[in-house]
Amino acid sequence: MKKNSDILCIGINQDEWRMEALNLDNEHPPLAVTWVNEAAETAAALQDIAHWDLILCDATVYYRLKVDAPIKTATTKCASLILIRRQGANLSPAEAFRRGAADLVVDGDLEHLRMIVERELANARDRRELAALRQQRAAPAMPAAAHKPTPAPVEPIAAPEQAKNDAERAQDLRVKELIEGGGLTLEYQPIMALDSGAELKAHAIFEALLRLKDGSGQLLRPQEFFPVAARNRWLAKLDHWVFNRALKTLSQMQANAAATGEGAAVMSLSLNLSTDTLSNDAGLQPILQLIDKATIQDGTLIVEISKDSLTEHAPMVMRLSQILKSRGHGLLLEKFDDSDCELLINHEGLIDYVKLNCRFLNDATSPKVMEQQLRQMAECALERKVKIIALAVDNANILPLLYSIGIDYIQGFFVSIPYSDLVYPNFDVVEI
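Quick look at the structure, then. (Residues numbered from 1 in each chain as written. Predicted model: local features only at pLDDT ≥ 70, side-chain atom pairs only at ≥ 80, totals over all residues. Heavy atoms only, no water.)

Attention now goes to the overall build of the chain. Regarding its fold elements, the chain presents 16 helices and 13 strands. For the chain, the proportion of its 432 residues judged to be buried stands at 43%. Entry remark: accessible area of the chain is about 22,700 Å², with carbon and sulfur atoms responsible for 52%. (Helix = DSSP H or I, 4+ residues; strand = E, 2+ residues; numbered from the N terminus. Buried < 20%, exposed > 50% of the residue type's maximum accessible area, 1.4 Å probe, protein only. Areas by Shrake-Rupley, 256 points an atom, 1.4 Å probe, with all protein chains shown as cover.)

Okay, structure coming up:
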């Protein structure tokens, strides 16, 4: 038996979750807990996944810290994955199971966690014992010294790099077939105003999100097909598909609203544009043509770009900005961080919206430090008349702070999950 039960905690506040408070049964070896919160240290910890007896992970960092790939692809592991769901979040046990988790615990429910930890540590111990028995049974008997048989020929084993390439080619082919088979679709997630002003209340914004369906109609996780698209340089074509489909939808809905006398309510779409598309004229020009020909109301399109695009492909971004501003549309900068104020200052007048880096709401940092950083970021943006969107708002706890520092919009499961239809929440103002 191992001397310790090795537990890996990913993205979890060490001060709030004291493992010694679980008071486990004495039959378990002492707990050896490792805490990781950054992508690099998480990747290092998951390289030897067989070392761990249990893995606890905050659900909000599961994809951001790339926990999904090692969990899904590990061939030898004894540890179960347990996801920790924040209070008020909408993650279901079924979705946790699809992510490879053995169970789901609500943040702060130590009694439930103790029961699960005891159960899964026992399971890990049983798995290790079973693996040891299998290894003993598979071990060949030692031949007599005088009669050493000629070793049987062994089939060559593919090198790890070759196996990785084969897996990538198979995934590439699958995604290509799904795309060519008509599997692309759009989902829409509302971006809702925090301000009760009339202008914001009448301005319904949705982000259009690209999704891919498999043969059974189930949505693939974005992590399953976006890396394939990036690897094969398909992102520009996917961007063109999104803009073509979304702008036609927006045009039709605005026309319907005007025909029925509902034209006072303005509907806008926010669309992402990849760095690949902005890296060359062949990718960008078709997008500019779609924007130029779109029969949509002025000021109802927001194009989201990355900070890399802004710094590495500035001339292309300027061309995009010119056509957007000529029609009153907006440019949005994603993952706005506490170190990006200078970026706004250097590009003053270019950016109309910023979307906060979701780590400010997800990371287990000091609330006071987070509040100070958010206030500084908000002041920098508001001084330049840049509107601010808070991403990944999963519950109401953070709303008073966001409202008090002047955040304009919120997006996340607290507002709405993405839908295949443009469904706006049945309340126009968030009550603080």
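Additional details are given in the paragraphs that follow.
So, on to the sheet that holds strand 9 (residues 301-305). The eight strands are arranged 6-7-8-9-10-11-12-13 in a closed barrel whose pairing can be described as mixed. With three bridges joining them, strand 11 (residues 353-356) and strand 12 (residues 387-390) adopt parallel strand pairing. From the neighbouring strand, V354 faces strand 12, where its bridge partner is I388. Taken strand by strand, helix 8 (residues 235-259) contacts strand 6 (184-193), strand 7 (203-212), strand 8 (266-272) and strand 9, and its axis lies near 175° from that of strand 8. (Pairing = 2+ DSSP bridges. Contact = heavy atoms within 4.5 Å. Axes fitted to C-alpha atoms, helices over the stretch in contact; angles between N-to-C directions.)

Where helix 8 contacts helix 10 (residues 281-293), the axes come no closer than 10 Å and their chain directions differ by 5°. Between helix 8 and helix 10, the crossing angle belongs to the class labelled roughly parallel. Contacts between helix 8 and helix 10 pair A236, D239, H240, F243, N244 and L247 from the former with G283, P286, I287, L290 and I291 from the latter. Grouping the amino acids of the contact of helix 8 with helix 10 by side-chain chemistry returns seven nonpolar, three polar and one charged. (Parallel < 35°, antiparallel > 145°, perpendicular 65-115°, else oblique. Nonpolar A, V, L, I, M, F, W, Y, C, P; charged D, E, K, R; others polar.)

The subject of this paragraph is the packing of aromatic side chains. One pass over the full model with this rule turns up three aromatic pairs. Ring centres 6.5 Å apart and planes at 45° place the aromatic pair Y353 and Y409 in the tilted group. Of the two residues, Y353 is situated in strand 11 and Y409 in strand 13 (residues 409-410); the sequence distance between them amounts to 56 residues. By the burial criterion, Y353 is buried, and Y409 matches it. (Phe/Tyr/Trp six-rings, centres within 6.5 Å; stacked < 30°, edge-to-face > 60°.)

A separate point is the state of the cysteines. Enumeration over the complete set of coordinates arrives at one disulfide. The disulfide partner of C341 is C380, and the S-S distance across this bridge is 1.9 Å. Looking down the S-S bond of the C341 and C380 bridge, the torsion is 95°, so its handedness is right-handed. In this pair, C341 is assigned in helix 13 (residues 341-346) and C380 in helix 15 (residues 367-383), connecting sequence segments 39 residues apart. Exposure remark for C341: the relative accessible area of 25% places this residue in the partly exposed category. The exposure class of C380 is buried, given its relative accessible area of 3%. (Disulfide = S-S within 2.5 Å.)

What follows concerns the pattern of salt bridges. Counted according to the given criterion, the structure contains 23 salt bridges. For the salt bridge of R114 with E118, the shortest nitrogen-to-oxygen distance reads 3.3 Å. Placement of both R114 and E118 in helix 4 (residues 110-138) is noted, with a separation of four residues, approximately one turn of the helix. The class of E118 is buried, set by a relative accessible area of 14%. A salt bridge links D340 to K307, with the shortest nitrogen-to-oxygen separation between them at 2.8 Å. (Salt bridge = Lys/Arg side-chain N within 4 Å of Asp/Glu carboxyl O.)

Moving on: the sheet that holds strand 1 (residues 5-10). The strand order 2-1-3-4-5 describes an open sheet built from five strands, whose pairing is parallel. Each edge of the sheet is formed by a strand with only one pairing partner; in this case those strands are strand 2 (31-36) and strand 5 (103-106). Strand after strand, the sheet turns through a mean of 20° between neighbouring axes, direction not considered. Direction of pairing for strand 3 (residues 54-58) relative to strand 4 (residues 80-85): parallel, over a ladder of five bridges. Its bridge partner being in strand 4, C57 is matched across the sheet by L83.

Here we come to a nonpolar patch on the surface. Together, F413, I417 and Y419 make up an exposed nonpolar region whose accessible area comes to about 250 Å². Position of F413 relative to the elements: it lies in the segment after strand 13. (Patch = residues over 30% accessible without salt bridge, like charges linked within 9 Å, V, L, I, M, F, W, Y side chains within 5 Å.)

One can find N357 in the loop between strand 11 and helix 14 (359-362). Within polar-contact distance, the side chain of N357 engages the side chain of D337 at 3.1 Å. Non-local contacts of N357, meaning those with residues more than four positions away in its chain, are made with K335, F336 and D337. (Polar contact = N/O pair within 3.5 Å; in protein donor to acceptor, adjacent residues only side chain to side chain.)

What follows deals with the pairing of strand 6. Most of strand 6 sits inside the fold, with ten of its ten residues counted as buried. Of the two faces of strand 6, the one holding L184, L186, Y188, P190 and M192 and the one holding T185, E187, Q189, I191 and A193 are both buried throughout. Here eight bridges tie strand 6 to strand 7, and the two strands are oriented antiparallel to one another. Paired with Q189 across the strands is E207, a residue of strand 7. When strand 6 meets strand 13, the two strands line up antiparallel, connected through two bridges. The residue bridging M192 from the neighbouring strand is I410, located in strand 13.

A positive phi is found at K335, a non-glycine position, where the angle reads about 50°. On the secondary structure map, K335 appears in strand 10 (residues 330-336).

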